[in-house]
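Residue strings, one per chain:
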Amino acid sequence: MASSGLQTLRRLAEIINQSLDTMERGYARAGIPVPSLDVPFDPAETACHDVEVATARLNIMAATAQMFASVCSPTETIWNASQVFHISSGVRVASELNVAEILREAGPQGLHVKYIAAPSKVDPTLLARILRLLATHHIFREVTPDVFANNRISSALDKAKPSADLFANREDRLQGTSGVAAVVELYADEVFKSSAVLAETLLDPKEGVLPYNKAFGTDEPLFYNWMQRPENAYRRQRFGIGMQGTDVGEAPGAIFAGFDWGALPAGSVLVDVGSGTGHISMQIAQKHTTLRVVNQDLEDTIEDARRLWKDQFPSHIETNMVDFQVHNFLDSQPVKNAAVFLVRHVVHNWPDDSAVKILQNLREAAQPSTRLVIMEMVPDVAARSSSVTNTTPASAARPRAPEPLLPNWGVGSPLPYYIDMAAHALMGGGERTLGHWIEILTRSNWKLDRLHYVGSPMFHIVASPTSV
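My aim in this report is to walk through the structure given alongside it, one point at a time. What you see is a predicted model; the values in this text were computed from it and never measured.

Here we take up the overall build of the protein chain. Scanning the protein chain from terminus to terminus reveals 20 helices and 10 strands. Radius of gyration (C-alpha) of the protein chain: 23 Å, near the 23 Å computed for a compact globule of 468 residues. Along the first, second and third principal axes, the C-alpha set of the protein chain runs to 65 × 65 × 55 Å. Taken across its 468 residues, the protein chain has 47% of its residues classed as buried. A fraction of 68% describes how many contacts in the protein chain between residues 6 or more apart in sequence connect residues 24 or more apart. When the accessible surface of the protein chain is summed, it comes to about 22,700 Å², and 57% of that surface belongs to carbon and sulfur atoms.

Right, let's get into the sheet that holds strand β7 (residues 340–344). Read across the sheet, 7 strands follow the order β6-β5-β4-β7-β8-β10-β9 without closing on themselves; strand pairing throughout is mixed. Looking at the sheet topology across the chains shown, the edges are occupied by β6 (322–326) and β9 (446–455). Each strand of the sheet is rotated relative to its neighbour by a mean of 20°, with strand direction disregarded. Where strand β4 (residues 269–273) and β7 come together, 4 bridges link them in parallel fashion. What sits directly across from Val273, in β7, is Val343. Relative to the sheet, helix α20 (residues 434–443) contacts β8 (371–377), β9 and β10 (458–465), its axis offset from that of β9 by approximately 145°.

Attention now moves to the sheet that holds strand β2 (residues 141–144). Spatially, the 3 strands line up as an open sheet ordered β1-β3-β2, and their pairing is antiparallel. Looking at strand neighbours, the two that pair on one side only are β1 (111–112) and β2, the edges of this open sheet. As paired strands, β2 and strand β3 (residues 147–149) are joined by 3 bridges and run antiparallel to one another. The residue bridging Arg141 from the neighbouring strand is Ala149, located in β3.

Under the defined criterion, the tally for this structure stands at 13 aromatic pairs. Taken together, a centroid distance of 4.8 Å and an interplanar angle of 40° make the contact between Phe216 and Trp226 tilted. Of the two residues, Phe216 is situated in helix α11 (residues 211–216) and Trp226 in helix α12 (residues 223–227); the sequence distance between them amounts to 10 residues. Each member of the pair, Phe216 together with Trp226, is buried. In textbook terms, an aromatic cluster arises when at least three aromatic residues are bridged by ring pairs, as seen for Tyr212, Phe216, Phe223, Tyr224, Trp226 and Phe239. Its end group placed over the ring of Phe256, Lys287 keeps NZ or CZ at 4.4 Å from the ring centre. Across the ring face of Trp437, the terminal group of Arg432 is positioned such that the distance to the ring centre comes to 5.8 Å.

Inspection of every chain in the model, using the stated rule, returns 28 salt bridges. A cluster of three or more residues bridged by salt bridges with shared partners is formed by Arg92, Glu96, Arg170, Arg173, Glu185, Asp189, Glu190, Lys193, Arg235 and Arg238.

Looking at the element boundaries, Pro457 is found in the loop between β9 and β10. Between the C-alpha atoms of Pro457 and Ala382, which are 75 residues apart in sequence, the distance is 14 Å.

Taking the largest bend as the criterion, helix α9 (residues 180–195) deviates by roughly 30°, centred on Tyr187. All buried positions along α9 are accounted for by Val180, Ala181, Ala182, Val183, Glu185, Leu186, Ala188, Asp189, Glu190, Val191 and Ser194.

Thresholds applied
- By convention here, each chain's residues receive numbers from 1 onward along its written sequence.
- Local features in this predicted model are restricted to residues of pLDDT 70 or higher, and side-chain atom pairs are both shown and tallied only at a pLDDT of 80 or more, whereas totals for entire chains, interfaces and linings draw on every residue.
- Hydrogen atoms and water are omitted, and side-chain values are computed over all heavy atoms in the structure.
- Secondary structure elements follow DSSP: runs of H or I of four or more residues count as helices, runs of E of two or more count as strands, with numbering from the N terminus.
- Only the C-alpha atoms count toward the radius of gyration. The rule for a globule is 2.2 Å times the residue count to the power 0.38.
- With a 1.4 Å probe rolled over the protein chains alone, any residue whose accessible area is under 20% of its type maximum counts as buried; one over 50% counts as exposed, and the rest are partly exposed.
- Contacts are assigned to residue pairs that have any heavy atoms within 4.5 Å of one another.
- Every accessible area reported is derived by Shrake-Rupley at a probe size of 1.4 Å, with residue values counting cover from the shown protein chains alone.
- Strands pair, by our definition, only if DSSP identifies at least two bridges between them.
- Between N-to-C directions, angles cover 0 to 180 degrees, with each direction set by a line fitted to C-alpha atoms, over the stretch in contact for helices.
- Classification of ring pairs rests on two measures: the distance between centres of Phe, Tyr or Trp rings, Trp counted by its six-membered ring, which must be within 6.5 Å, and the angle between planes, read as stacked under 30 degrees, edge-to-face over 60 and tilted in between.
- Only when the NZ of Lys or the CZ of Arg is both within 6 Å of the ring centre and within 35 degrees of the ring normal is a charge said to sit over the ring.
- The salt bridge definition used is simple: a Lys or Arg side-chain nitrogen within 4 Å of an Asp or Glu carboxyl oxygen.
- The term bend refers to the angle at a residue between two fitted axes, each drawn through seven residues, those ending there and those starting there.

Next comes the structure, spelled out in structure tokens:
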């Protein structure tokens, strides 16, 4: 009789095979081939983003990872886990040295490392070792000894600019890019260095000392304030651009997959709280042009937002349908006639008491008809049981992985758990489970109405004001 371990492995193999069949059908419907790891990413892949294929991908990633964990020596697994920071360091090196752009220009035959290293004047032997580590983890491809080429994964680092321009003007190398390289560098720099002292700050906690404080030797209580220092101008610019790169974790059109913006009457006021450049509220306004938009953020960011809208959606400015307000969301909310407060990727940056303060400020300015739309990741627990199922709106049903996979798809969907740790390291915040969100909303006098799943791992949390 087969052991339970072997039965699990066979079931994982069955899930992989069934999911491969699903992917094959989905790509055939889209009329595109299943992508190859050895060739750069093709944007045409986005034509195959239906839910069925997305779920199949998750199943394959989760099942293969679980199979690997099951058969690998546990000592080797835990030792490997303690070494993955080398991959983070290597990815940052590749991005800072513009390797993906150099290799894009070289073509599929690749380029010898001495030519890859030449523009940066770095040691080619060491760079070869770094790229070989990455290629061993399927980031870049070693064509022949010391000759490297892009593959599907490494091409995601491409800033879509000539490499000569990137080296000639380093300060602006990330400007006008998708933000993916910027957010990768942010995580492999500020977040990585802060995470390295997580144990020290956990074992020897001190009031007002977060991992980032210890890592960068600053007593600045807020990471954002530290970023505003003149010496951090480049880091601040990279952070702002990188926040646009966080869209990579969202399904295309996710902002329209949850809350029904089209149901708002003409002239309704949408307040984008902590808007950044306002690129998300711009997407909404471009589709629903009768909505009035108020972008709110700190002064430098609001100036960036004004420039972006003037460049990409000037008609809304010309018709006075958009306003740009310098506002700290920890202060009282000045807009009293909002139909919707949109709070995207903001609350996770703050500890619970501050999160409650932010949402209370919005509640105090809300009308009875005002709705709060929070767009955040809502990580699932790794256990099959849940203590909040009886208090969850019917629309909050979320997909879960089939057994014997972990219900949250394990490392097939790790992003919310990574960002949870990053938010703590830099700002003392974190991602919140559904039960945790219900607690935060209740404390700030909002009631959870609906939870819209808009694609792994994002949700629209829709709430209405309760009586104070």
